[in-house]
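Chains, contacts and geometry: an overview
Spelled out, the chains give:
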Amino acid sequence: MAAQDDNWDGTRVRALLKQRGQLVEEHLSSCVSQAGTPDRLKESMRYSLLAGGKRLRPVLCLTAAGLFGVAPEKVLPFACGIEMIHTYSLIHDDLPAMDNDDLRRGRPSNHRAFDEATAILAGDALQADAFYSMTLCDLPAGQVLAALRAFATAAGSTGMCGGQELDMQWTGQTVQLSDLEHLHALKTGAILRASVVCGALLAGAGEDALEALSAYGASLGVAFQIADDILDVVSDTETLGKPAGSDEEQHKNTYPSILGLERSRELAREYARRAQDALRPFEGDDAAFLKGLALYTVERVN
């Protein structure tokens, strides 16, 4: 389908992000309602999973599948699994042994609302249950398996978890820009890129399309992380829903700490443009939305 309008403004992007995010929201509740789960554990899982948020990662998955004509409902179980993995990572990131943050999405972190042991188990359970949810897609088994393999790689030791380890190792140390780029390509970028790629894999996309969408996701991940680093400096706790200024307090390596605010803003916009350029092979409203989303990523306020 030819695009009706290839230039989506922020208002239109936010509206569709909210609409598709609501579709994810409605399905997420059923992902943590299994009979037999101890009540306190279930309450802890639901506390963090259903705490709101943009649902960016699952929406990326739904939209990427839509590029190839696959209806959102077909990939919804997988997309919700992505959000469950993301939520588990936030619960664990907030723990005293990690970033030691007491606030998440405007309310007490999971370990503050419950206790540290329950928070650890809630994260563990969300991670395992996520992969169960992903297997429920009514799509060819080979396509589901390929997506599972890709996402497990992005979430594991060579992806998000590896990046978190580097983040802890390098906190308080002086690192080069190339080190920071590598760290965030794992910690943040791997899951964002995989969210896009997995949607395409579920749809049975070919190699050229997968390569283009991988490039989009990688650039989007960098733009998103730079914007996060900037917001930690210029925003406030109420707007962010999490402690502002914590990067500096914890002596984290960030783009503003290495490049300064203005150069960081320029670089974020540059990566947003790279993400948009990667989508040139695609047409239609889903492609236009993804292009607009790249720019929205660096213009958002939280």
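Relevant structure appears above.
Since this is a predicted model, take the numbers as computed values, not measurements.

A few points about the nonpolar core
One finds Leu-60, Phe-78, Phe-151, Tyr-216 and Leu-293 to be the most contacted residues of the largest nonpolar core, which totals 76 residues. With nine residues, the next largest nonpolar core counts Leu-180, Ile-226, Leu-267 and Ala-268 among its residues.

Structural notes on the packing of aromatic side chains
The final tally for this structure, using the stated rule, is four aromatic pairs. Ring centres of Tyr-47 and Phe-114 lie 5.4 Å apart, and the angle between their planes is 80°; this geometry places the pair in the edge-to-face category. Placement of Tyr-47 in helix 2 (residues 39-49) and of Phe-114 in the loop between helix 5 (110-113) and helix 6 (116-134) is noted, with a sequence separation of 67 residues between them. Judged by relative accessible area, Tyr-47 falls into the buried class, the value being 18%. Accessibility expressed as a relative area gives 12% for Phe-114, which makes it buried. Over the ring of Phe-224 we find Arg-300, and its NZ or CZ is 4.0 Å from the ring centre.

Some remarks on the packing of helix 9 (residues 177-202) against helix 10 (residues 207-234)
With their axes 8 Å apart at the nearest point, helix 9 and helix 10 run at an angle of 140° to one another. Read as a crossing pair, helix 9 and helix 10 show a hand that is right-handed. Residues His-184, Thr-188, Gly-189, Leu-192, Arg-193, Val-196, Val-197, Ala-200 and Leu-201 of helix 9 lie in contact with helix 10, whose contacting residues are Leu-210, Leu-213, Ser-214, Tyr-216, Gly-217, Ala-218, Gly-221, Phe-224, Gln-225 and Asp-229.

Remarks on unusual backbone geometry
Located in the positive-phi region is Asn-100, a residue other than glycine, with phi close to 55°. Mapped onto the secondary structure, Asn-100 falls in the loop between helix 4 (72-93) and strand 1 (103-104). The exposure class of Asn-100 is partly exposed, given its relative accessible area of 41%. With a phi angle near 60°, His-251 is a residue other than glycine that sits in the positive phi range. The topology assignment puts His-251 in the loop between helix 12 (246-249) and helix 13 (255-259). With relative accessibility at 55%, the residue His-251 sits in the exposed group.

Some details on helix 15 (residues 285-299)
Think of an α-helix as 3.6 residues a turn; residues three or four steps apart then line up on the same face. Here helix 15 contains 15 residues, and its C-alpha end-to-end distance of 21 Å stays within 8% of the 21 Å for a straight helix at 1.5 Å per residue. Turning to helix 15, its buried residues number three or more, namely Asp-286, Ala-287, Ala-288, Phe-289, Leu-290, Lys-291, Gly-292, Leu-293, Ala-294, Tyr-296 and Thr-297. In this structure, the buried residues of helix 15 make contact with helix 1 (10-28), helix 3 (56-66), helix 10 and helix 14 (261-278).

Side note on the packing of helix 4 against helix 7 (residues 141-155)
One way to put it is that helix 4 packs onto helix 7 with a least axis distance of 12 Å and a crossing angle of 10°. Between helix 4 and helix 7, the angle falls in the class roughly parallel. Where helix 4 approaches helix 7, its residues Phe-78, Ile-82 and Ile-85 are matched on the opposing element by Val-144, Ala-147, Leu-148, Phe-151 and Ala-155. Within the contact of helix 4 with helix 7, the residues separate by chemical class into eight nonpolar, no polar and no charged.

Scoring rules and cut-offs
Residues numbered from 1 in each chain as written. Predicted model: local features only at pLDDT ≥ 70, side-chain atom pairs only at ≥ 80, totals over all residues. Heavy atoms only, no water. Core = buried A, V, L, I, M, F, W, Y, C linked by side-chain atoms within 4.5 Å. Buried < 20%, exposed > 50% of the residue type's maximum accessible area, 1.4 Å probe, protein only. Phe/Tyr/Trp six-rings, centres within 6.5 Å; stacked < 30°, edge-to-face > 60°. Helix = DSSP H or I, 4+ residues; strand = E, 2+ residues; numbered from the N terminus. Lys NZ or Arg CZ within 6 Å of the ring centre and 35° of its normal. Axes fitted to C-alpha atoms, helices over the stretch in contact; angles between N-to-C directions. Left-handed = near helix turned anticlockwise from the far one by under 90°. Contact = heavy atoms within 4.5 Å. Expected span 1.5 Å × (residues − 1). Parallel < 35°, antiparallel > 145°, perpendicular 65-115°, else oblique. Nonpolar A, V, L, I, M, F, W, Y, C, P; charged D, E, K, R; others polar.

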